[in-house]
Every structure is written in structure tokens, then in C-alpha cells.
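Each chain, letter by letter, is given below.
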Amino acid sequence: MDGFRLCLLCCALPLLAGCGNLLPSERAEVSSGFRDYLDAETSFARATPGSTTRVELFKLGFDPQHGGNGRILSFLDVRQLFVQPNIPIEYLPDSLVTCLQAKDRCTGYAFEYTQTDSQRVGSFWADVLNFRKNRQVQGWNLRAVFVLVDDTLVHKVSNGEPQIRRYQVQRN
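Residues numbered from 1 in each chain as written. Predicted model: local features only at pLDDT ≥ 70, side-chain atom pairs only at ≥ 80, totals over all residues. Heavy atoms only, no water.

## A short note on the packing of helix 4 (residues 75-82) against helix 5 (residues 94-102)
Alright, step 1. For the pair helix 4 and helix 5, interaxial distance at closest approach is 10 Å and the crossing angle is 145°. Between helix 4 and helix 5 lies a crossing whose hand is left-handed. When helix 4 is examined against helix 5, the residues F75, V78, R79 and F82 are found in contact with a partner set consisting of L96, C99 and L100. (Axes fitted to C-alpha atoms, helices over the stretch in contact; angles between N-to-C directions. Helix = DSSP H or I, 4+ residues; strand = E, 2+ residues; numbered from the N terminus. Left-handed = near helix turned anticlockwise from the far one by under 90°. Contact = heavy atoms within 4.5 Å.)

Next comes the structure, spelled out in C-alpha cells:
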């Protein structure tokens, strides 16, 4: 019987060595027509204030109706987004002042695109027994805001993270 246990243990050890593949992984993506950060940023750069129309903006991939993940901003939303109590209106770009003066003819769009891939790494047993969980997160995100008066783009601004690289350790 001891020989059977030894044989069983010898067969189980190689299987347990590959347990790292059993760790859970997670992928989160905000649906967009953009492959990666560079693709989204390139499309953003093609939008030119003063000449890009609403239809052209939609063709660049920034369409809240068909591309998704966009908010339609009213004049009041634009005002709330850019006008702060401690910042005088004179400090705002002329294009935003034009928008604020246009009132109801001023609209905007706000988009946020995110793609992350989260992998659990490390020891399978430490993870399963809840001693330590290591997570490696990679991806990108881009936030873009477009302000239009009538059907013409007057102002745009973006920010984001082209390369998200995080390593999280949770110990219990």
C-alpha cells in the first residue's frame, strides 16, 4: 500500500507544479472602435477646433450614439465641467468663452475608453489558501471631451494613461 501512495504522490507532483495556470484572470474593456491608446489618440488629434464638424467627429470614432461610452453634454454640463468658482472666466481659452456665450447652441461630448487585463500571478496555494494574492494589471485608458457651437468643434481636451502597468499585492 505504501508503494501505491508513493506512486500517487509522484504522479500528483508534476500536476501541482503547473497550478499557476489555475489562477483566475480578468479582462475589462470599455467597448470602442479603437484598438489601443495610440489609435484613440491619433483620432483625437485629427479633430481640429474651428473646422471639424459634428459629422466628421462621429466619423473619427467619437459618436455616443453608435460607438457608445460617450455622454452628451448640455451647455450647463460644459459650464460645470470647465468653470470653477476660483478660476476667473478670463483664464479660460477663448473657444470655451465663445461656447459659454452661445449658451443653448453650445453642446459637448465626453468619452472614456478603458482596456485592462488583470492576471493573478504567484503561488497557486498562497492564493487559494488566501495568504497572498498578487495581481498584475496592464492596459490603457483615454478620456476626451469635445465642445461644439452649433455643429462645429471649438474646443477639445484629453487625458489618459497610455501604458497602465500595476502590480498589486494583497496579504491577509
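Past the structure itself, the notes keep going.
## Some points on helix 4
Alright, step 1. Those residues of helix 4 that sit buried are F75, V78 and F82. Considered in projection along helix 4, the buried side chains sweep an arc of 65° and stay on one side of the axis. Summarising the geometry of helix 4, the exposed residues directed more than 90 degrees from the buried face are L76 and Q80. (Buried < 20%, exposed > 50% of the residue type's maximum accessible area, 1.4 Å probe, protein only. Arc of directions from axis to C-beta.)

## Some details on the state of the cysteines
Alright, step 1. Taken as a whole, this structure holds 1 disulfide when the rule is applied.
Alright, step 2. The side chain of C99 participates in a disulfide bridge whose partner is C106; the two sulfur atoms lie 1.6 Å from each other.
Alright, step 3. For C99, a relative accessible area of 0% gives the class buried.
Alright, step 4. Since its relative accessible area comes to 1%, C106 is described here as buried. (Disulfide = S-S within 2.5 Å.)

## Considering the environment of L100
Alright, step 1. Along the chain, L100 falls in helix 5.
Alright, step 2. As for L100 and V78, which are separated by 22 residues in sequence, their C-alpha atoms are 8.2 Å apart.
Alright, step 3. When near neighbours in sequence (up to four residues on either side) are disregarded, L100 contacts F75, R79, V83, I89 and L92.

## What to know about the packing of aromatic side chains
Alright, step 1. With the rule as written, the count across this model stands at 11 aromatic pairs.
Alright, step 2. Relative to Y113, the ring of F111 has its centre 6.0 Å away and its plane inclined at 15°; by these criteria the two rings are stacked. Taken as a pair, F111 and Y113 share a single burial class, namely buried.
Alright, step 3. Three or more aromatic residues link up through ring pairs in this structure, and these residues are F34, F44, F58, F62, Y109, F111, Y113 and F146.
Alright, step 4. The side chain of K156 reaches across the aromatic face of F44, ending 4.4 Å from its centre. (Phe/Tyr/Trp six-rings, centres within 6.5 Å; stacked < 30°, edge-to-face > 60°. Lys NZ or Arg CZ within 6 Å of the ring centre and 35° of its normal.)

## A short note on the confidence of the model for the protein chain
Alright, step 1. Of all residues in the protein chain, 71% attain a pLDDT of 70 or more, and the chain-wide mean is 81.
Alright, step 2. Ranking the helices and strands of the protein chain by mean pLDDT puts helix 3 (residues 54-59) first, with 96, and strand 1 (residues 25-29) last, with 50. (pLDDT = per-residue confidence, 0-100.)

## Some thoughts on the environment of A47
Alright, step 1. Its place among the elements puts A47 in the loop between helix 2 (37-46) and helix 3.
Alright, step 2. Not counting chain neighbours up to four residues away, the residues in contact with A47 comprise T52, L57, L60, F146, L153 and K156.

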